[in-house]
Amino acid sequence: MTSPTPQELRKLQEPAYWLIFALPWPESQGDAAMAEAAYVVAPPLVPRNQVSENAEGVFAVAHFHVKENPGRRTVWFSDLTRWLAGRDNSWQGLEVDWEAALREIHELPTFGMFLQVSRRGYMFLLDGSPEGATVTYPGGERERLTAREREAVHADFEARITRDWANYIGEMAARGMIHLH
């Protein structure tokens, strides 16, 4: 095993895209405005021979989604669910146990990082409905989450992940924690 060359390091720091999915909101931070409640992984960096059929199914859908949406580097799991629904399909229709897949992806011994999100960003991250969610507040007011705001949250996540991922991989390399075969 050797340390990565500058070209290999750049490839690790700048993957083609990332998959982001929501984790349970930490109970210890129930009232917090922000929490580490999302997980980020770069499917192009995950060796496919090390994942189950369920995880491979999620990665395959992510790959096809990215091919159809060039230029988007952050893919939310809820984006994939919406995308499938728009094709009259579902995780069940693909015979993918998405819950098992996300648990597995979160535990893979590969590059991944937690993402701190706001409660509002978290709502968007969870919303896989094609029409967008409606939020009902304790006082009874209702609000529809807009596509425009969803895109703004996407852009914010992408900017932060692009910056933080490169730093994360760079720090790991500097500590000698990245070795390639």
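An account of the accompanying structure is given in this report. Here the residue numbering is sequential within each chain, running from 1 through the sequence in written order. Local features in this predicted model are restricted to residues whose pLDDT is 70 or higher, and side-chain atom pairs enter the listing and the counts only when it is 80 or higher, whereas totals over whole chains, interfaces and linings include all residues. By convention in this description, side-chain values take in all heavy atoms of the structure and omit both hydrogens and water.

**Some points on the nonpolar core**
What we call a nonpolar core is a set of buried Ala, Val, Leu, Ile, Met, Phe, Trp, Tyr and Cys residues that are connected through their side-chain atoms within 4.5 Å. Buried, partly exposed and exposed residues are distinguished by accessible area as a fraction of the type maximum, computed with a 1.4 Å probe on protein chains only: under 20%, between the cut-offs, and over 50%, respectively. Counting 28 residues, the largest nonpolar core has I20, F157, I161 and W165 as its most contacted members. Each helix corresponds to a stretch of at least 4 residues labelled H or I by DSSP, and each strand to a stretch of at least 2 residues labelled E; elements are numbered beginning at the N terminus. Of all the secondary structure elements, the ones that give two or more residues to this core are α1 (6-13), β1 (18-22), β2 (34-41), β4 (112-118), α5 (119-126) and α6 (147-174). In terms of residues, this core owes the most to one element, α6, which gives six residues. Setting aside residues up to four positions removed in sequence, I20 forms contacts with A38, Y39, V40, T74, V75, W76, F77, L115, L125, F157 and I161. Whether two residues are in contact is decided by their heavy atoms, any of which lying within 4.5 Å being enough.

**A closer look at α6**
By this rule, a helix spans an expected 1.5 Å times one less than how many residues it contains. In this model α6 runs 40 Å from its N-terminal to its C-terminal C-alpha over 28 residues, within 8% of the 40 Å that 1.5 Å per residue would give. Along α6, the positions that sit buried rather than exposed are R150, V153, H154, F157, R160, I161, W165, I169 and M172.

**Points about the pattern of salt bridges**
Close approach of charged atoms allows side chains with opposite charge to pair. The salt bridge definition used is simple: a Lys or Arg side-chain nitrogen within 4 Å of an Asp or Glu carboxyl oxygen. This model, assessed by the stated rule, comprises nine salt bridges. Here R72 and E151 are joined by a salt bridge, their closest N and O atoms 2.4 Å apart. Pair noted here: R72 is in the loop between α2 (53-68) and β3 (74-76) and E151 is in helix α6, with a separation of 79 residues, a long-range link. A salt bridge links R150 to D79; the shortest N-O distance between them is 2.9 Å.

**Section: the packing of aromatic side chains**
Two rings from Phe, Tyr or Trp (for Trp, the six-membered ring) form a pair when their centres are within 6.5 Å of each other. A pair whose planes differ by under 30 degrees is stacked, one over 60 is edge-to-face, and the rest are tilted. Using the criterion set out here, one finds eight aromatic pairs in the structure. Taking the centre distance of 5.4 Å and the plane angle of 70° together, the rings of Y39 and F114 count as edge-to-face. Here F114 lies in strand β4 and Y39 lies in strand β2, a separation of 75 residues in the sequence. The class for Y39 is buried, based on a relative accessible area of 5%. Here a set of aromatic residues connected by ring pairs shows up, and it is made of W18, W165 and Y168.

**Some thoughts on the sheet that holds β4**
Strand order in the open sheet formed by four strands is β3-β1-β2-β4, and the pairing between neighbours is mixed. Each having just a single partner strand, β3 and β4 make up the two edges of the open sheet. Ignoring strand direction, the axes of neighbouring strands in this sheet form an average angle of 35°. Whether two strands pair depends on DSSP finding at least two bridges between them. Relative to β2, β1 is paired through four bridges, and the arrangement is antiparallel. Of the residues in β2, the one forming a bridge with A22 is A38. Contacting β1 and β3, helix α3 (residues 77-85) crosses the sheet at an angle of about 70° to β3. Angles shown run from 0 to 180 degrees and are taken between the N-to-C directions of axes, each axis being a line fitted to C-alpha atoms and, for helices, limited to the stretch in contact.

**Side note on the packing of α2 against α3**
Between α2 and α3, the least distance of the axes is 10 Å, while the angle of their chain directions is 75°. For the element pair α2 / α3, the angle class is roughly perpendicular. Seen from α2, the contacting residues are V58, V61, A62, F64, H65 and E68; seen from α3, they are F77, D79, L80, W83 and L84. Classifying every residue of the contact of α2 with α3 gives eight nonpolar, one polar and two charged. Orientation categories follow fixed angle ranges, with anything under 35 degrees roughly parallel, anything over 145 roughly antiparallel, 65 to 115 roughly perpendicular, and all other angles oblique. Residues are sorted three ways: Asp, Glu, Lys and Arg are charged, Ala, Val, Leu, Ile, Met, Phe, Trp, Tyr, Cys and Pro are nonpolar, and all the rest, Gly among them, are polar.

**Some remarks on the packing of α5 against α6**
In a packed pair of helices, the relevant descriptors are the angle between the two axes and the axis-to-axis distance. The interhelical angle for the contact between α5 and α6, taken along N-to-C directions, is 105°, at an axis separation of 10 Å. The angle between the axes of α5 and α6 places the two elements in the roughly perpendicular class. Note on element contacts: α6 touches α5 through E149, R150, V153 and F157, opposite R120, G121, F124 and L125. Residue composition of the contact of α5 with α6, by class: four nonpolar, one polar and three charged.

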